[in-house]
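Architecture and fold: a report
So the chains spell out like this:
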Number of protein chains: 2
Amino acid sequence: MSQSLFEPVPSGTIVTPQGFQAAGLHCGLKKTERNDLGVIVCSVPAAAAAVYTTNLFQAAPLQVTRQSLVNGTLRAVVVNSGNANACTGQQGEQDAYTMRAQTASQLGLAEDEVAVASTGVIGELLKMDCVTAGIAQLPVAIGNQPEHAEEFCQAILTTDLVKKEICVAVQVNGQQVHIAGAAKGSGMIHPNMATMLAFMTTDAVISGEHLQQLLRETTDQTFNMITVDGDTSTNDMLVAMASGLAEHEALTPGHPDWKAFAAGFRHVCEHLAKSIARDGEGATKLVEVVVNGAISDLSARAIAKTVIGSSLVKSAMFGADANWGRIIAAVGRAGEPVNVDTVNIRLGDIVVLTGSRPVPFDEEAALKYLQGDTVQIVVDLHYGEGQALAWGCDLTYDYVRINAAYRT
Amino acid sequence: MSQSLFEPVPSGTIVTPQGFQAAGLHCGLKKTERNDLGVIVCSVPAAAAAVYTTNLFQAAPLQVTRQSLVNGTLRAVVVNSGNANACTGQQGEQDAYTMRAQTASQLGLAEDEVAVASTGVIGELLKMDCVTAGIAQLPVAIGNQPEHAEEFCQAILTTDLVKKEICVAVQVNGQQVHIAGAAKGSGMIHPNMATMLAFMTTDAVISGEHLQQLLRETTDQTFNMITVDGDTSTNDMLVAMASGLAEHEALTPGHPDWKAFAAGFRHVCEHLAKSIARDGEGATKLVEVVVNGAISDLSARAIAKTVIGSSLVKSAMFGADANWGRIIAAVGRAGEPVNVDTVNIRLGDIVVLTGSRPVPFDEEAALKYLQGDTVQIVVDLHYGEGQALAWGCDLTYDYVRINAAYRT
């Protein structure tokens with residue numbers, strides 16, 4: 001999408017959009033002193049939308065958040081890291097409801113105005129004494145300054161190496177609207193640690209219904225197009241809140257600035273998704289797979305995800321090996337229609353396959369390109385108009401080290 | 001299946017069944033002096049059946065073999081390693097047909113009595129001078145002694161560490177019938193090396209049609225239930241030949257000894273499949289996943305394959321980590337119906353999950369069990385009657401080392 005439709009806000013955070021405050025602190029769920037409890041609060045009822053993991057074993061907080069979202073609005077979302085509150089049975093559900101009730105009373109909100117998210121170890125009960133004490137400290141910790149956003153971003157990380165945050169500005173009815181987001185790392189990174197959490201804030205005026213529709217469409221092309229190890233966690237959740245304080249004419253698909261808002265919204269999602277892929281467990285580089293000419297976009301997505309998910313392709317990327325044989329083999333097993341005689345493959349600008357036949361290429365140049373920190377694999381099928389982008393990372397010794405380590 | 005239906009033949013080989021001879025030699029396709037060309041010959045037209053890779057990019061030899069199998073009989077199968085003859089275009093097809101024609105004339109057979117198989121580097125043309133010279137030497141190299149089978153088994157290996165061969169005997173109409181098989185390693189083990197080749201011989205009397213039916217059913221439960229890295233090669237092929245020289249009443253599903261023959265046939269396939277999984281790239285152990293209580297056998301297979309294919313589960317097995325959270329997460333993303341409250345998980349005899357809830361277990365005992373060279377993961381869904389077995393291996397540093405190595 002055209003960059004000109006929106007502007008990056010370099011110093012922007014999740015509290016840049018009007019009406020939002022945040023906090024983060026250490027309540028004792030993580031063994032180290034790192035933050036493990038955070039909250040985002042909106043000064044008014046925010047139109048809200050969310051998407052959840054497709055894993056059948058969904059953690060307790062997801063059910064609580066679903067319930068809070070029934071009426072399409074939220075005032076706050078409370079998050080803990082260090083414990084996923086997954087596979088914890090009725091006690092786990094009770095604990096998630098208690099988190100919601102305590103946060104609501106501390107912030108003077110109704111229970112169903114609060115969403116709950118958790119990430120961490122599966123199968124252990126939450127230390128509710130820590131959680132309760134932490135929630136009691138939230139009101140004094142809350143603020144709308146960059147440091148408050150920073151504390152929140154730290155509070156949702158598990159074994160992520162870097163925080164993931166972004167803010168952009170778009171013009172709606174000539175008025176500046178902000179869209180911001182924060183996320184935590186992908187892959188069930190640490191033994192039993194859960195996957196992706198993401199939170200988006202905006203001061204745009206938009207109904208929960210339209211926000212949900214936009215979120216669904218956008219996540220299918222961004223967060224749902226990344227993979228680190230193909231394992232879908234029990235805790236994935238993305239919550240978006242729109243305060244509406246920008247006070248422009250409500251955004252709908254028919255609004256003249258809908259395209260600009262959608263572009264900014266997508267950019268925020270894509271940036272967070274790519275940041276998660278690049279920070280995947282043990283990763284040394286971001287790998288982007290582009291599939292063009294598939295029979296449909298859906299088909300292109302399936303093929304792109306098969307290539308980005310191939311352990312052999314990922315290992316080759318780690319080894320900076322221009323191993324197109326693995327790429328075309330992955331394309332061929334994706335279960336999608338392909339003309340086996342018309343496939344072109346490029347690594348960046350280096351053409352390695354044309355009409356499904358090998359092309360002599362400069363191995364040195366390929367090695368140099370693949371040793372970079374961002375690698376693009378482009379597959380042109382010449383079969384239809386379907387396109388897709390997928391992002392992932394390389395498969396490294398560190399991935400095995402991290403995941404073979406005995407739980408501690 | 002009951003072991004008593006058949007007997008292992010410890011010293012048996014693929015030439016133990018009446019009518020079969022074999023040969024293997026070095027023709028120059030492999031850089032080292034290892035064998036890279038082999039043939040199995042039958043003294044009479046053998047009822048034949050085959051299954052092929054589902055990868056859309058199928059290597060040239062598969063098309064040639066399909067053509068030879070149209071009439072359901074074969075006299076010989078010629079195999080080369082060191083070059084997959086895949087993604088090689090019309091020249092590759094021509095080369096595969098030439099291999100067939102030369103083998104036929106050297107052995108005094110009709111062209112359509114010969115099947116062709118290849119495994120090795122993708123995208124390079126066969127050195128036909130080497131192949132032609134090698135085929136010319138085959139007649140003198142052929143024999144029905146164990147050493148001839150050994151030469152053949154060596155000729156089909158790529159980076160396999162050990163040869164895979166087995167023979168069993170079953171009683172049909174009170175007469176001894178042999179079923180034997182040989183295979184090469186799984187996983188696109190070496191950069192651009194192709195996956196599984198398997199060859200089966202028997203002196204049973206059975207039609208090509210019934211052999212094909214039995215082969216299809218059996219491979220779905222054996223070879224199609226193993227994974228090393230989830231990457232399906234362009235060259236997978238299994239060819240079975242029945243000489244009929246045991247001269248018993250022809251085997252059909254209605255034959256009183258069909259069950260015994262099918263059991264022996266399955267044992268040969270299962271043994272080869274498990275040998276391939278255990279010898280997967282970088283593997284330190286065989287992992288067996290048992291799924292019980294799924295809504296159907298198909299559903300059980302999908303779940304078993306998702307668990308055995310999970311990089312996180314495979315890494316945990318390498319680390320001897322009783323990480324049930326990853327196992328249940330894999331079950332939950334398999335896309336199959338599951339009751340999220342009734343799942344039990346065992347590691348060998350060590351129960352770690354009951355009714356989808358964690359059970360305290362002896363971590364020391366679990367560590368000791370998971371450090372063994374064969375590990376069994378048992379998932380009981382309590383949802384239906386569906387069952388499945390799947391085999392794989394652990395994900396190790398060596399897997400990454402082997403596959404990140406720059407092609408040489």
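These figures come from a predicted structure and were not determined experimentally.

1. Side note on the domain arrangement of chain A
Residues and elements named next belong to chain A. Each assigned domain of chain A is listed here: domain 1 (3–278) and domain 2 (286–404). Placing the centre of domain 1 and that of domain 2 at their C-alpha centroids yields a distance of 32 Å. Facing the 17 residues of domain 1 at the interface are 19 residues of domain 2. For the pair domain 1 and domain 2, the summed buried surface comes to about 1,500 Å²; carbon and sulfur atoms form 57% of the total. For the domain 1 face of the interface with domain 2, the top three residues by lost area are Met225, Thr227 and Arg278, together amounting to 41%. In this assembly, domain 1 and domain 2 are joined by one salt bridge. Scanning the region where domain 1 abuts domain 2 turns up four residue pairs in polar contact (both at pLDDT 80 or more). Elements represented by at least two residues in the side of domain 1 that touches domain 2 include exactly helix H5 (208–221) and helix H6 (258–278). If you tally residues by element for the side of domain 1 that touches domain 2, the top one is H6, at five residues.

2. Points about the side chain of Thr306 of chain A
When you line up the elements, Thr306 of chain A lands in helix H7 (residues 297–309). If we skip the residues at most four places from it in the chain, Thr306 of chain A touches Ala330, Arg333 and Ala334 of chain A.

3. Quick word on the relation of the copies chain A and chain B
Each copy of the sequence occupies a distinct position, and chain A is placed on chain B by a rotation of 180° and an axial shift of 0.0 Å, giving an RMSD of 0.0 Å. Read as a symmetry element, the transformation amounts to a two-fold axis. Among all residues of chain A, the one whose C-alpha sits closest to the rotation axis is Tyr397 of chain A, at a distance of 2.8 Å. In this assembly, 100% of the residues forming the interface of chain A have copies in chain B that are likewise at the interface, indicating an isologous arrangement.

4. Comments concerning the pairing of strand S4 (residues 73–83) of chain B
Residue and element names in this part refer to chain B. In terms of burial, S4 is largely enclosed, as ten of its eleven residues are buried. Pairing of strand S3 (residues 37–52) with S4 involves seven bridges; the strand directions are antiparallel. Paired with Ala47 across the two strands is Thr73, which belongs to S4.

5. Structural notes on the packing of aromatic side chains
All told, the structure shown has seven aromatic pairs over all chains when counted by the stated rule. Here the aromatic rings of Phe152 of chain A and Phe199 of chain A are separated by 5.5 Å at their centres, their planes lie at 80°, and the arrangement is edge-to-face. Linking Phe152 of chain A in helix H4 (residues 146–155) with Phe199 of chain A in strand S8 (residues 197–202), this pair joins segments that are 47 residues apart in sequence. Residue Phe152 of chain A shares its accessibility class with Phe199 of chain A, and that shared class is buried. For the pair Phe318 of chain B and Tyr397 of chain B, a centre-to-centre distance of 5.5 Å together with 80° between the ring planes defines the contact as edge-to-face. A residue pair is termed long-range when its members are at least 10 positions apart, and Phe318 of chain B in helix H8 (residues 311–318) and Tyr397 of chain B in helix H11 (residues 397–404) qualify at 79 residues. Three or more aromatic residues joined by ring pairs form one cluster here, namely Phe318 and Tyr397 of chain A together with Phe318 and Tyr397 of chain B. Over the face of the ring belonging to Tyr52 of chain A we find Arg66 of chain A, whose NZ or CZ atom lies 4.2 Å from the ring centre.

6. Re the sheet that holds strand S13 (residues 357–358) of chain B
Residues and elements named next belong to chain B. Here six strands make up an open sheet; going across it, the order is S13-S12-S11-S14-S10-S15 and the pairing mixed. Strands at the two margins of the open sheet, each flanked by one partner only, are S13 and strand S15 (386–393). Bridge analysis of strand S11 (residues 344–347) against strand S14 (residues 374–380) gives four bridges, and the strand direction is antiparallel. Bridge pairing in S14 links Asn344 to Asp380. Against the sheet, helix H7 (residues 297–309) contacts strand S10 (286–294) and S15, and its axis sits at roughly 25° relative to S15.

7. Some thoughts on the interface of chain A and chain B
Contacts between the two partners involve 58 residues from chain A, matched on the other side by 58 residues from chain B. In total, about 4,700 Å² of surface goes out of reach between chain A and chain B, with carbon and sulfur atoms giving 59% of it. Applying the counting rule to chain A against chain B returns zero salt bridges. In terms of residues, the side of chain A that touches chain B owes the most to one element, helix H9 (residues 324–332) of chain A, which gives seven residues. In terms of residue class, the side of chain A that touches chain B is built from 28 nonpolar, 19 polar and eleven charged.

8. Regarding the nonpolar core
One finds Phe261 of chain A together with Phe199 of chain B to be the most contacted residues of the largest nonpolar core, which totals 115 residues. Counting residues per element, this core draws most heavily on H6 of chain A, at eleven residues. When residues no more than four places from it in sequence are discounted, the contact partners of Phe261 of chain A are Val170, Val177, Ile179, Thr202, Ala204, Ile206, Leu214 and Leu251 of chain A. Counting residues in each nonpolar core, the second largest holds 114 residues, with Phe20 and Ala115 of chain A together with Ile226 and Val268 of chain B among its members.

9. Considering the UniProt feature "binding site: substrate" (unreviewed entry) in chain A
All names here are of chain A. The sites that UniProt annotates as "binding site: substrate" (unreviewed entry) are Thr158, Lys184, Thr195, Glu281, Asn403 and Thr408. Topologically, Thr158 is positioned in the loop between H4 and strand S6 (164–172). For Thr158, a relative accessible area of 5% puts it in the buried group. One can find Glu281 in the loop between H6 and strand S10 (286–294).

10. Quick word on the side chain of His248 of chain A
All names here are of chain A. Relative to the assigned elements, His248 resides in the loop between strand S9 (237–242) and H6. Since its relative accessible area comes to 7%, His248 is described here as buried. A polar atom in the side chain of His248 sits 3.0 Å from the backbone nitrogen of Val205. In this structure His248 touches Val172, Asn173, Gln175, Val177, Ala204 and Val205, once residues within four positions along its chain are discounted.

11. Regarding helix H6 (residues 258–278) of chain B
Here H6 of chain B is 21 residues long and its end C-alpha atoms lie 30 Å apart, about the 30 Å a rise of 1.5 Å per residue gives. The buried fraction of H6 of chain B is high, at 16 of 21 residues.

12. Focus: the environment of Val162 of chain A
With respect to the helices, strands and loops of the structure, Val162 of chain A is situated in the loop between H4 and S6. Expressed as a C-alpha distance, the spacing of Val162 of chain A and Gly82 of chain A, which sit 80 residues apart in the sequence, is 17 Å.

13. Re unusual backbone geometry
Of note in this structure, Ser356 of chain A is not a glycine but carries a positive phi near 65°. With respect to the helices, strands and loops of the structure, Ser356 of chain A is situated in the loop between strand S12 (350–354) and strand S13 (357–358). Its identity as a non-glycine residue notwithstanding, Glu247 of chain B has a phi of 50°, on the positive side. When you line up the elements, Glu247 of chain B lands in the loop between strand S9 (237–242) and H6. With relative accessibility at 65%, the residue Glu247 of chain B sits in the exposed group.

14. Looking at the sheet that holds S12 of chain A
All names here are of chain A. Spatial strand order, S13-S12-S11-S14-S10-S15: six strands in an open sheet with mixed pairing. In the strand order of this sheet, the two ends are held by S13 and strand S15 (386–393), each with one partner. As paired strands, S10 and strand S14 (residues 374–380) are joined by seven bridges and run parallel to one another. Note that in S14 the partner of Val287 across the bridge is Val375. Its contacts with the sheet place H6 against S10, S14 and S15, and it is angled at close to 40° to S15.

15. Re the environment of Pro146 of chain A
Residue placement: Pro146 of chain A occurs in helix H4. Each C-alpha atom, one on Pro146 of chain A and one on Val114 of chain A, is 23 Å from the other, the two residues being 32 residues apart in sequence.

16. Describing the pairing of strand S7 (residues 175–183) of chain A
All names here are of chain A. Counting buried residues in S7 gives seven out of nine residues, a clear majority hidden from the surface. Bridging between S6 and S7 involves nine bridges; their strand directions are antiparallel. Within S7, the residue paired with Val168 across the bridge is Ile179. In this structure, S7 lies alongside S8, joined through five bridges in antiparallel fashion. When the bridges of S8 are listed, Ala182 appears paired with Phe199.

Each value, and the rule that gives it
- Residues numbered from 1 in each chain as written.
- Chains lettered and ligands numbered in written order.
- Predicted model: local features only at pLDDT ≥ 70, side-chain atom pairs only at ≥ 80, totals over all residues.
- Heavy atoms only, no water.
- Domains from an automatic or database assignment.
- Contact = heavy atoms within 4.5 Å.
- Buried area = accessible area lost by both parts, 1.4 Å probe.
- Salt bridge = Lys/Arg side-chain N within 4 Å of Asp/Glu carboxyl O.
- Polar contact = N/O pair within 3.5 Å; in protein donor to acceptor, adjacent residues only side chain to side chain.
- Helix = DSSP H or I, 4+ residues; strand = E, 2+ residues; numbered from the N terminus.
- Least-squares fit on C-alpha atoms with pLDDT ≥ 70 in both.
- Buried < 20%, exposed > 50% of the residue type's maximum accessible area, 1.4 Å probe, protein only.
- Pairing = 2+ DSSP bridges.
- Phe/Tyr/Trp six-rings, centres within 6.5 Å; stacked < 30°, edge-to-face > 60°.
- Lys NZ or Arg CZ within 6 Å of the ring centre and 35° of its normal.
- Axes fitted to C-alpha atoms, helices over the stretch in contact; angles between N-to-C directions.
- Nonpolar A, V, L, I, M, F, W, Y, C, P; charged D, E, K, R; others polar.
- Core = buried A, V, L, I, M, F, W, Y, C linked by side-chain atoms within 4.5 Å.
- UniProt positions renumbered as here; feature names shortened; annotations may be inferred.
- Expected span 1.5 Å × (residues − 1).

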